[in-house]
Amino acid sequence: MKSLRRTAAIALLGFAVALGIAQPPAGAEPPVPPPLAAPAAAAAPAPAAAEFNVRDYGAVGNGSTNDTAAINKAITAANTSGGGIVRFPSGTYESKNTIRMKSNVTLQLDAGATISGNAADTYDPPESNQWDDYQDYGHSHFHNAMIYGDNLTNIGFTGSGVIDGDGALITGNPKSGEADKIISLTRCKNLTLSGITLREGGHFAALLNNCDNVVSDRLTIDTAMDRDGWNIISTTNVKITGAHLEANDDALAFKSDYALGAKLNNGHVTVTDSYLSAGCCNALMFGSETCGDFTDYNFERITIKGSDKSGLGLVSMDGAKISDVHYKDITMTDVRSPIMQKVGTRKRCGNNPGVGSISNITYTNIKATGTTPSFSPTLWGESGSGRIHDITFNNVDITVPGGNGTMSTNPPSNDPKDYNPKAIGTRPAYGWYVRNADNIRFTDSEVRFASNDGRPAVIANNSTGIRFDRFTAQRGSNSPSDLLFQTVNGYCVANSTNTGGGALRVSQTGSSQNCDGGGPAPTARYEAENATYSGGSTVDSDHAGFSGTGFVNTPNAAGAYVEWTVNATAAGSADLALAYANGTSTARPMDIAVNGVTVAAASPFGGTGAWTTWRTLTLPVALKAGANIVRATATSANGAPNIDYLDGPA
């Protein structure tokens, strides 16, 4: 019998989808290639993979008979024959023992097919591991799983069926015969994990360690009643699209531990068009196990709904150097710590790890709202080689609960061996708290609170090169300042205001200001009312906060546009910042073209909260020397937002 908590979890998921809160990923029809002109000879179709139906090897699929032996026979037959598909027709295949994967085998679960776990405590026992002191028990042992494989190539889990722990898997340290994960794979190469659903995974729905070339499309994980969704450890070359992962612990975590007795590198990862939710812990996380270095990660078009630790967490606790990580077009709601970076000194790794670092991280088009209580978005580096550096925030809007009074602006307490956001005491800034960090830049970004707060919006401490350009901050009625710099060498605040339109109050102690050499480049403002615009547009002035003498209000129609001529003194790259207001809750997307070439298709231009709330969208573009034609064109029947101005190179 299925547990009541699982039934409730499924019902809640369905309710969230119906309300539009959760969006399960949907597949898309592949594009049809154009016909080839007069081919010399038709290419021979690839031979179909051999198929091995588990029922032909004795599986019953009645939900009570133990089908593990038959499943393993089919896997062995496929492997012995050089590879193939082990097919599960509709039915429930009870698995009381560990299924042992082999190379060149794909498990295909048809619609209506379920592999179900069982609480008979007859799974493979955990193997011994001489390095299990370096990480938690669940990370150190791999055999005790529903499905296990080591040193395999060309394996897959596909179809539209379900692999269900069915409440039988353990969330803590298992006893002999108990399993604590659904899929456990080590040293694998060429893995496909697509289409299926993993449910009630125990400690982990899926755990990979030291794998390479992983492809996943439309994977669903529903383990909100247990612990982790998917842990990807010491793994390279990963592409994930359309994932829908709901976990209680970490939903999607990238880690590097010492479970295999070595510090292993990680990287070359892309995750797009996915939905993540975490109950107690982290939604999209690096760490906390961070032995080997991480590089080249790209996350785009991701929705995060709920996390009681970090929405976007990135920590180096065990000596890892983390670099070249890029977040873009991400929306977060109900996250306790929207963005968290920390370098710690836990050093729980072999090979005498030093102190790690975090560098070259970008956040673009990020919107987040926090929960009560919350942890201020934080960059916390260590002194010496463990400093955080070269971090950019472009169009990052964060709303925190607020509600604190004034407090000491001294650095809060910190446990350097703990990655949890709560390991740092209450931050003395309600918005951004930055410590031991260098070359940090905020552009076209904003921080607000839901309840009045007496702390500054931003405090930077013991840092260098902290720059704010077109930054907006809400001001608490009793806050001593808006931005406070403490022992900061070379801070810069330019073109920035509070939410009421006034100048930000900047205070400093032991700090120096420097807006030269890497500060915001000089800009020229091109007012929309002086530009060219489509017929039926009007220049209005009935919504306060605009620049110049007014703003352009175009017709509500696709094709409505505003066009400027931007003069560049020399050819090269430049940032264009377009100011707009959208008082509706519906995005008004526009194509941005430079000299007739679209450089940003259907940029969203979402709601700004009110027609009097103006925001900017910054786009990096290439300009030619002299005159450049820049056109913003509405792509939907809602037309364009109200357009105020375009800032470009002076």
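The paragraphs below set out a description of the structure included in this document. Owing to the predicted nature of the structure, the values given are computational and were not obtained by experimental measurement. (Residues numbered from 1 in each chain as written. Predicted model: local features only at pLDDT ≥ 70, side-chain atom pairs only at ≥ 80, totals over all residues. Heavy atoms only, no water.)

## Topic: the pairing of strand β16 (residues 220–223)
The pairing of strand β13 (residues 197–199) with β16 spans three bridges and is parallel. Within β16, the position partnered with Leu198 by the bridge is Ile221. Note: β16 against strand β19 (residues 244–247), four bridges, orientation parallel. The partner of Ile221 across the bridge, within β19, is Leu245. (Pairing = 2+ DSSP bridges. Helix = DSSP H or I, 4+ residues; strand = E, 2+ residues; numbered from the N terminus.)

## Remarks on the packing of aromatic side chains
Evaluated as defined, the whole model comprises 27 aromatic pairs. Taking 6.2 Å as the distance between ring centres and 45° as the angle between the ring planes, the aromatic pair formed by Phe294 and Tyr297 counts as tilted. Judged by relative accessible area, which is 1%, Phe294 ranks as buried. A residue is classified by how much of its surface remains accessible, and Tyr297, at 1% relative accessible area, is buried. (Phe/Tyr/Trp six-rings, centres within 6.5 Å; stacked < 30°, edge-to-face > 60°. Buried < 20%, exposed > 50% of the residue type's maximum accessible area, 1.4 Å probe, protein only.)

## Observations concerning the layout of surface pockets
Of the pockets and cavities examined, the largest pocket occupies roughly 1000 Å³. In terms of lining residues, the largest pocket is bounded by 35 residues, among which Asp329, Thr364, Asn365, Asn395 and Leu617 are the most central. Elements with a contribution of two residues or more to the lining of the largest pocket: β24 (321–343), β25 (357–370), β27 (388–402), β29 (437–443), β42 (572–581), β44 (597–603) and β45 (615–623). The biggest single contributor to the lining of the largest pocket is β45, with six residues. When its residues are assigned to classes, the lining of the largest pocket shows 15 nonpolar, 13 polar and seven charged. Lining the second largest pocket are 27 residues, and of these Thr472, Thr497, Gly545, Trp614 and Tyr645 lie nearest its centre. For the lining of the second largest pocket, the secondary structure elements donating two or more residues are β30 (446–451), β34 (497–498), β45 and β47 (642–649). (1 Å grid on protein atoms, 1.4 Å probe; cavity = no way out; pocket = protein on both sides within 12 Å on 5 of 7 lines; lining within 4 Å. Points joined across faces, edges and corners; volume = space filled by probe spheres on them. Nonpolar A, V, L, I, M, F, W, Y, C, P; charged D, E, K, R; others polar.)

## Points about the side chain of Asp453
Position of Asp453 among the secondary structure elements: in the loop between β30 and β31 (458–469). The class for Asp453 is buried, based on a relative accessible area of 0%. One polar contact links the side chain of Asp453 to the main-chain amide nitrogen of Gly403, over a distance of 3.3 Å. Setting aside residues no more than four positions away along its own chain, Asp453 makes contact with Gly402, Gly403, Asn404, Tyr430, Gly476, Ser477 and Ser479. (Polar contact = N/O pair within 3.5 Å; in protein donor to acceptor, adjacent residues only side chain to side chain. Contact = heavy atoms within 4.5 Å.)

## A closer look at empty space enclosed by the protein
Here the idea is plain: a probe the size of a water molecule rolls over the atoms and shows the empty space left. Enumeration according to the criterion identifies one cavity of 30 Å³ or more in this entry. Its boundaries defined by the atoms lining it, the largest cavity holds a volume of some 40 Å³. Contributions of two or more residues to the lining of the largest cavity are made by β42 and β45. Ranked by residues supplied to the lining of the largest cavity, first place goes to β42 with three residues. For the lining of the largest cavity, a count of residues per class yields eight nonpolar, no polar and no charged.

## Digging into the pattern of salt bridges
Counted by the stated rule, this structure contains 27 salt bridges. Linking Asp318 and Arg346 is a salt bridge whose minimum nitrogen-to-oxygen distance equals 2.8 Å. With Asp318 in the loop between β23 (294–316) and β24 and Arg346 in the loop between β24 and β25, this pair connects stretches of sequence that are 28 residues apart. For the residue pair Asp318 and Arg346, the accessibility class agrees, reading buried in each case. Between Arg455 and Asp453 there is a salt bridge, with its nearest N and O atoms 2.9 Å apart. The exposure classification of Arg455 matches that of Asp453, with both residues buried. Look at the salt bridges and you will find they share partners, linking Asp136, Asp250, Lys255, Glu289 and Arg348 into a network. (Salt bridge = Lys/Arg side-chain N within 4 Å of Asp/Glu carboxyl O.)

So yeah, pure geometry; function would need other evidence.
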